[in-house]
Amino acid sequence: MHKLKLTPEERWDYLDKLAEEVVTLKPRRLSLKDAIGDLTIRPLTGIPIALGILFSVWMFFSTFAGFFTDGFMVPLFDEHYLPWIQDIFPKEPSWLYALLVGTPGADNCFEAFGVLTTGLFVPFGVVLWAIIPLYLSVALLEDIGYLPRLAVLVDNILHRIGLHGFAIVPTILSFGCNIPGVTAARILETKKERFMMMTILAIFIPCGAQLGIMEETIAGEYGNWLMFAIIGYLLLGYFVVGWILNKILPGRSPEILIDIPPYQRPIWKNLTMKTWIRVKCFLVHAVPFVILGSLLVNILYIVGIENGNLTLVSFEEGDRSIMGRLSIALEPILAGWFGVPKETILPLVTAFLRKDLAVAQLSAIPMSMYQLFTSVVLISIYFPCIATFAVLWKELGFRGLLKSIAILIISTFTFGGLLHGLWMLMGVA
Amino acid sequence: MFKILLMGNPNVGKSVVFSRLTGANVVVSNYPGTTVDYTKGYTKIGGEEVEVIDVPGTFSLEPKDVAEEIALRMLKEEKPDLIIDVIDATKLERGLYLAFEIMEKFNYPLIIDLNMWDIAVGKGIEIDLKKLREILGIPVIPTVAISGEGIKELADMERIKKVIMAKEKKSMNEHLREILRRIKEGVKDA
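The rules behind the values
Residues numbered from 1 in each chain as written. Chains lettered and ligands numbered in written order. Predicted model: local features only at pLDDT ≥ 70, side-chain atom pairs only at ≥ 80, totals over all residues. Heavy atoms only, no water. Helix = DSSP H or I, 4+ residues; strand = E, 2+ residues; numbered from the N terminus. Rg over C-alpha atoms; globule rule 2.2 N^0.38 Å. Buried < 20%, exposed > 50% of the residue type's maximum accessible area, 1.4 Å probe, protein only. Lys, Arg positive; Asp, Glu negative; His and termini not counted. Charge placed at Lys NZ, Arg CZ, Asp CG, Glu CD. Contact = heavy atoms within 4.5 Å. Buried area = accessible area lost by both parts, 1.4 Å probe. Salt bridge = Lys/Arg side-chain N within 4 Å of Asp/Glu carboxyl O. Polar contact = N/O pair within 3.5 Å; in protein donor to acceptor, adjacent residues only side chain to side chain. Pairing = 2+ DSSP bridges. Axes fitted to C-alpha atoms, helices over the stretch in contact; angles between N-to-C directions. Core = buried A, V, L, I, M, F, W, Y, C linked by side-chain atoms within 4.5 Å. Parallel < 35°, antiparallel > 145°, perpendicular 65-115°, else oblique. Left-handed = near helix turned anticlockwise from the far one by under 90°.

Asker: Any details on the overall build of chain B? Residues and values, ideally.
Answerer: Scanning chain B from terminus to terminus reveals eight helices and seven strands. Expected size for 190 residues packed as a compact globule is a radius of gyration near 16 Å; at 16 Å, chain B falls within 12% of this value. Expressed along its principal axes, the backbone C-alpha trace of chain B runs to roughly 45 × 40 × 35 Å. Counting over 190 residues, chain B shows a buried share of 62%. The distance from the centre of the 28 positive side-chain charges to the centre of the 31 negative ones in chain B is 3 Å.

This is how it looks when you write it as structure tokens:
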């Protein structure tokens, strides 16, 4: 007997007949779930609800992070731990002191720069307390079934840049961490969409760790509005570059249908388990990079090259260190094009490894609020952190990665230079 | 080792079934496309070592995105001893579409997990299990994976062995032919 082969139409015909046989629908009343589901999708009610949810997540995030970081961690690190470790280390400046404790006489863990001071304070004193509420919020939104509804709501806006509404899901995930965001973009249908999505995510969406540090340093010093302005500028970049890519890249962005699952009561155990899996991922995969990052920049700061030989350089002659020379060499670009202090090279080097540490290091460099704005934007977009870079490589392949990097470089010079131009027009550069 | 592949449409609860079966912690969410890569887990069913593979959701065997490509590749390369097709009980036809396609193109024993049974009941969707089992001629097990209901019946080695033996006698493609005949002619006094 020959093998049975069916066309999709034949399959559906048989299945319709089967369903008729075995499935009966009982009429029922509209449930509360349906009513809520409807309200969250209609623009008139859905947009205020979405903004309300965003605001609640923000409040939860900033209150939780503030409570633990400002309430416990900052006093613990700055008043007890830092004086103690400065005390037990041999007093005279040595290279070991510079690496591990950092700047002599520093009075807070942001400006000390040592592996055992800033290197521990950033992940455990600040970032951990920011990502817990963020991951928990994202997990809650995932579990109740809100994200697909948000996708329907924003479908119109995202279609203008050639993306399906579902692209909001990778975007939201990226605000927690770019890596799951980039991988979630796999479900987009065409190569073009996936490339666009992954590229603009990795360039423009700041991750939870970075947001946590921004909340502590930038919002702490200038107020929340500055942080919102920076995020707003990055989102503008996300849309503008998305729009341009959609115009110039070949390929199509088809309509796809998505399923709207029913709202479900979240299960506490699943929420905590999921948050824990992600926090553990931060502890295991990110913390080593923070520590490595602070070690690396410190080495570049105390080692100089004299006549082809490596030499140790003291803090007073920092200009002769590798980092110092790098900053002088790149000054025309940094100061000339972007209008930021040449010392910004240090956090920019760090940003290859970790953006949270990089933003933390910014607070030790004297600069105006406008320069700070530009610097944070630069740190955010000029390179994805090394882990995201690896995932991009895996997802896009080498050629795709190169294309993505080209877009990244153009974006960095454009959006960084644009800000500098804006400050000049305003007379504040 | 005995190998089970968990397949099904997106967002039907495959990952929940997976973590129920293996006790492994995997990320589950309430939106389609949470699982974009496969996950392997190990467990013991009826005294036998079993490898369970959680496969990304797919609607058909003609892949539309990277996650679906992975699903098709797993099906081709893993050579499972059993496929559990997880179906959202509120979307029976769509789930069975994939089941039919798998039976037609691959010769692997198959059982059906009608998951989210509670939601179907809540929505007033009544499925005549007896009739459905008779027509399909393979085990159909209603579950509520999120609370664990029905998982024990799903992991019943005796029943699994029977399905495997039945396949030895008759290929799945032939089995599908019989299903289609029963659909066309109707089952007598169900």
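Asker: With reference to specific residues and values, describe the interface of chain B and chain A.
Answerer: Taken together, the contact between chain B and chain A spans 48 residues of the former and 47 residues of the latter. For the pair chain B and chain A, the summed buried area comes to about 4,600 Å², and 60% of that belongs to carbon and sulfur atoms. Looking only at chain B, the three residues that lose the most surface to chain A are B:N30, B:Y31 and B:Y97, adding up to 15% of its buried area. In this structure, the salt-bridge partner of A:K26 is B:E126, at a minimum N-O distance of 3.5 Å. Inspection of the chain B/chain A interface yields 20 residue pairs in polar contact (both at pLDDT 80 or more). Listing elements by their share of the side of chain B that touches chain A, those giving two or more residues are α2 (66–77), α3 (92–105), α4 (117–122), β6 (125–127), α5 (129–136) and α8 (172–185) of chain B. With nine residues, α3(B) is the largest single contributor of residues to the side of chain B that touches chain A. Strand direction decides the pairing type here: strand β1 (residues 23–25) of chain A and β6(B), joined by three bridges, are antiparallel. Within the sheet, the bridge partner assigned to A:L25 lies in β6(B) and is B:I125.

Asker: Describe the pattern of salt bridges, listing the residues and the values that go with them.
Answerer: With the rule as written, the count across this model stands at 24 salt bridges over all chains. Between B:K40 and B:E78 there is a salt bridge; the shortest N-O distance is 3.4 Å. Of the two residues, B:K40 sits in strand β2 (residues 39–45) while B:E78 sits in the loop between α2 and β4 (82–88), which places them 38 residues apart along the sequence. B:K40 sits in the partly exposed class, given a relative accessible area of 34%. Among the charged side chains, a salt-bridge network with shared partners connects A:R11, B:E62, B:E101, B:E104 and B:K105.

Asker: Before we move on, can you summarise the sheet that holds strand β1 (residues 2–8) of chain B with the specific residues and values?
Answerer: Residue and element names in this part refer to chain B. Within the open sheet, the six strands sit side by side as β2-β3-β1-β4-β5-β7. Their pairing is mixed. For this open sheet the edge positions go to β2 and β7 (140–142), each flanked by a neighbour on one side alone. With strand direction ignored, the average angle separating the axes of adjacent strands in the sheet is 25°. Note: β2 against strand β3 (residues 48–54), seven bridges, orientation antiparallel. Looking across to β3, one finds that T43 is bridged to V50.

Asker: Which residues make up the nonpolar core, and what values go with them?
Answerer: A:L163, A:F204, A:I230 and A:Y238 are the most contacted members of the largest nonpolar core, which totals 122 residues. With twelve residues, the top contributor of residues to this core is helix α6 (residues 118–144) of chain A. Every residue in contact with A:I230, bar those within four places of it in the chain, is listed here: A:M214, A:I218, A:F373, A:V376 and A:V377. Counting residues in hydrophobic clusters, the runner-up holds 47 residues, among them B:Y97, B:L110, B:I127 and B:I135.

Asker: Please provide a residue-by-residue account of the packing of helix α3 (residues 43–88) of chain A against helix α11 (residues 208–222) of chain A, values included.
Answerer: Residue and element names in this part refer to chain A. Look at α3 against α11: their axes get within 11 Å of each other, and the N-to-C directions meet at 65°. By the angle between their axes, α3 is roughly perpendicular relative to α11. Classified by chirality, the crossing of α11 by α3 is right-handed. In this structure, α3 contributes W58, F61, S62, T69, D70 and V74 to the contact, and α11 contributes L211, G212, E215 and E216.

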